[in-house]
Amino acid sequence: MSRKNQTLGEFIIENQSSFKYTSGELSRLINSIRLAAKVVNHEVNKAGLVDIIGAAGETNIQGEDQQKLDVYANDKFIQTLTNRNIVCGIASEEEDDFISINSQDENNNNKYVVLIDPLDGSSNIDVNVSVGTIFSIYRRVTPVGTPVQLEDFLQKGNQQVAAGYVVYGTSTMLVYTTGHGVNGFTLNPAIGTFYLSHPNMTFAKDGKIYSVNEGNYIHFPQGIKNYIKYCQMEEGDRPYTSRYIGSLVSDFHRNMIKGGIYLYPKSSKTSNGKLRLLYECNPMAFLAEQAQGKASDGFTRILDIEPTELHQRVPFICGSWNMVEKAEEFMRLAP
C-alpha cells in the first residue's frame, strides 16, 4: 500500500512483489533512471548560468537542431544505464540506431531494453519553460545472452513493462507505472530525494482543457478541425479552456492533474504526425490508460499499433476518456 512521504526507493522496494518478474532487475533499472534524472535536473536548473543552452550545431535523426542540453541529457542517461550494467539495449530519439550493451559479454543476462526521449520539449529550453524526459521499458524478445536486435525495440506498446516521465519544472517530478496505476514523486532538492507526492494519479473522465497547436489549424484533418470548433462552442460546460505549452510532458502532466485532452494530429505538413510512436506516444499512452484515460491516433488504440521503424511517427490524441472518445467520433464522421 503506497503512502505519502515514502521515498521513491522505498516505494520501489515495497511494490516490487506486485511486478510479475521479481528478479529486482526492473527496480534497479528505475533507480538508475532516477539517478540520471537527478543529474540532468541539476543541469537544467543552471542552464541559464552557463554555456549549455542553445544549439549544439548538429541535427538528430529527425533533422531537428539538437540543443546542447539535449546532447548532455542523452549522454547522461546512456552513460548511467550502460555503466550500471542493467539493460541489454538502449534506443534514444537522439540516436540514429539502437545501442547494444555488453553484446560481447558472455555473462550479460540482462533482460530489458529502454527507449528514451532524453529531453522532450527542448525548444523551450532557452525561454525557461518546463521540459522533460520520457522513458519506456520492455523485456527483450530475442534470447538472453545474445546481442539485442531491432525486433527487441519494435514491440507494440501493450508489451511495455514500465513507462514514465520526468518533468523539470517549478518542482521536478518523476511519474511512472509498472502496470499497477500511476504514481508521482517530487524531488526535494535540498537532500536529493524523490518523495511520493501524487499517489494513484488518474485522469478525470471528463475535462475542460484542450491542448493543441492551433496555429496549425489550417493544416489539420477535417475531423480535428470539427473537434476544435466543438471545444470552442458555447454550450453546456463549453467552451473549454485552451492550454498549450509545446512540451508533451508538461501538457500531459497538467491534463492528467486537471482533466483535459492533448492533440497532435497529422497535417498537410506532417502526413504521419510529428510525435514518435516508440519514444513519446507508447509510454504516454501506457501512462494514460493506467490513469484511466485513453490514447488513440484518431482511429486506433496507440498501444495496439505495430511499429515498423525506430523513429516512426504517428498522430496522437490522449487524455480524459470521454474527451478522446468525442475526438475519435469527430474523426470517424468527418468527410
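Going by the annotation in an unreviewed UniProt entry, the name recorded for the protein chain is Fructose-1,6-bisphosphatase class 1, with Bizionia echini given as the source organism. According to the UniProt record, the Subunit (unreviewed entry) comment for the protein chain is "Homotetramer." UniProt, in the comment section headed Subcellular location (unreviewed entry), describes the protein chain in these words: "Cytoplasm".

Novice: For this particular structure, what's the right way to read the environment of Arg243?
Specialist: Turning to its location among the elements, Arg243 is positioned in the loop between β12 (241–242) and α6 (248–258). Residue Arg243 is classed as partly exposed on the basis of its relative accessible area of 44%. Remark: the alpha-carbon pair of Arg243 and Val212, spanning 31 residues in sequence, is separated by 7.6 Å. Beyond its immediate chain neighbours, meaning those up to four positions away, Arg243 contacts Ile209, Tyr210, Ser211, Asp251 and Arg254.

Novice: What exactly am I supposed to notice about the environment of Arg301 here?
Specialist: Inspection of the secondary structure assignment puts Arg301 in the loop between β14 (294–296) and β15 (316–319). For Arg301 and Phe316, which are 15 residues apart along the polypeptide, the C-alpha to C-alpha distance reads 9.8 Å. Those residues in contact with Arg301 that sit more than four places away from it in its chain are Asn158, Glu289 and Ala295. At 2.8 Å, the side chain of Arg301 and the side chain of Glu289 are in polar contact.

Novice: For this particular structure, what's the right way to read the UniProt feature "binding site: substrate" (unreviewed entry) in the protein chain?
Specialist: The sites that UniProt annotates as "binding site: substrate" (unreviewed entry) are Asp120, Gly121, Ser122, Ser123, Asn213, Tyr244, Tyr262, Leu263, Tyr264 and Lys274. Mapped onto the elements of the fold, Leu263 is located in strand β13 (residues 260–264). Residue classification places Leu263 among the buried positions, given a relative accessible area of 1%. Setting aside chain neighbours within four positions, we find Leu263 in contact with Ser211, Val212, Ile224, Tyr227, Phe316 and Ile317. Examined against the element boundaries, Tyr264 turns out to sit in strand β13. The residues touching Tyr264, leaving out its near neighbours within four places in the chain, are Tyr244, Lys274, Leu275, Pro315 and Phe316.

Novice: Honestly, the nonpolar core in this entry has me stumped. Any pointers?
Specialist: If you look at soluble globular proteins, the nonpolar side chains tend to sit buried side by side. By size, the foremost hydrophobic cluster in this structure holds 37 residues, and its most contacted members are Leu29, Ile137, Tyr168 and Tyr176. The greatest single-element share of this core, amounting to eight residues, is contributed by helix α2 (residues 25–45). Those residues in contact with Ile137 that lie beyond four places of it in its chain are Leu26, Leu29, Ile30, Ile33, Tyr112, Val113, Val114, Gln160, Val161 and Ala162.

Novice: How should I be thinking about the packing of aromatic side chains in this particular structure?
Specialist: For any pair of aromatic rings, the description consists of the separation of the ring centres together with the inter-plane angle of the planes. Here the structure, examined in full by the defined rule, presents 12 aromatic pairs. Within the aromatic cluster, the residues linked to one another by ring pairs are Tyr227, Tyr230, Tyr240 and Phe330. A cation over a ring is seen here: Arg238 above Tyr230, with NZ or CZ 3.8 Å from the ring centre. One residue, Lys294, lies across the ring of Trp321, its end atom 4.8 Å from the ring centre.

Novice: Any chance you could explain the side chain of Thr186 here in plain terms?
Specialist: Within the secondary structure, Thr186 sits in strand β9 (residues 183–188). Among the polar contacts listed, one links the side chain of Thr186 to the side chain of Ser197, at a separation of 2.6 Å. The contact partners of Thr186, leaving out residues within four places of it in the chain, are Ser171, Thr172, Met173, Thr193, Phe194, Tyr195, Ser197 and His198.

Novice: Looking at this structure, how should I read a nonpolar patch on the surface?
Specialist: A cluster of nonpolar side chains, Val127, Val129 and Ile245, forms an exposed patch at the surface whose accessible area comes to about 220 Å². With respect to the secondary-structure elements, Ile245 resides in the loop between β12 and α6.

Novice: Could you clarify how one ought to interpret the sheet that holds β15 in this entry?
Specialist: Pairing is mixed in the open sheet, where five strands are placed in the order β12-β11-β13-β15-β14. Edge positions in the sheet fall to β12 and β14, since each has one partner strand and no second. With three bridges connecting them, strand β11 (residues 209–211) and β13 associate as parallel partners. Its bridge partner lying in β13, Ser211 is registered against Tyr262.

Novice: How should the UniProt feature "binding site: Mg(2+) 1" (unreviewed entry) in the protein chain be read in this particular structure?
Specialist: When the UniProt feature table is mapped onto this chain numbering, "binding site: Mg(2+) 1" (unreviewed entry) sits at Glu93, Asp117 and Leu119. The greatest C-alpha distance among the annotated residues, which extend across 27 residues, is 9.2 Å, indicating that they converge on a single site. With respect to the helices and strands, the residue Glu93 is situated in the loop between β3 (89–92) and β4 (99–100). Classification of Glu93 by relative accessible area gives buried; the value is 5%. With near-sequence residues (within four places) excluded, Asp117 lies in contact with Glu93, Gly132, Thr133, Ile134, Tyr279 and Glu280.

Calculation rules
- Residues numbered from 1 in each chain as written.
- Predicted model: local features only at pLDDT ≥ 70, side-chain atom pairs only at ≥ 80, totals over all residues.
- Heavy atoms only, no water.
- UniProt positions renumbered as here; feature names shortened; annotations may be inferred.
- Helix = DSSP H or I, 4+ residues; strand = E, 2+ residues; numbered from the N terminus.
- Buried < 20%, exposed > 50% of the residue type's maximum accessible area, 1.4 Å probe, protein only.
- Contact = heavy atoms within 4.5 Å.
- Polar contact = N/O pair within 3.5 Å; in protein donor to acceptor, adjacent residues only side chain to side chain.
- Core = buried A, V, L, I, M, F, W, Y, C linked by side-chain atoms within 4.5 Å.
- Phe/Tyr/Trp six-rings, centres within 6.5 Å; stacked < 30°, edge-to-face > 60°.
- Lys NZ or Arg CZ within 6 Å of the ring centre and 35° of its normal.
- Patch = residues over 30% accessible without salt bridge, like charges linked within 9 Å, V, L, I, M, F, W, Y side chains within 5 Å.
- Areas by Shrake-Rupley, 256 points an atom, 1.4 Å probe, with all protein chains shown as cover.
- Salt bridge = Lys/Arg side-chain N within 4 Å of Asp/Glu carboxyl O.
- Pairing = 2+ DSSP bridges.

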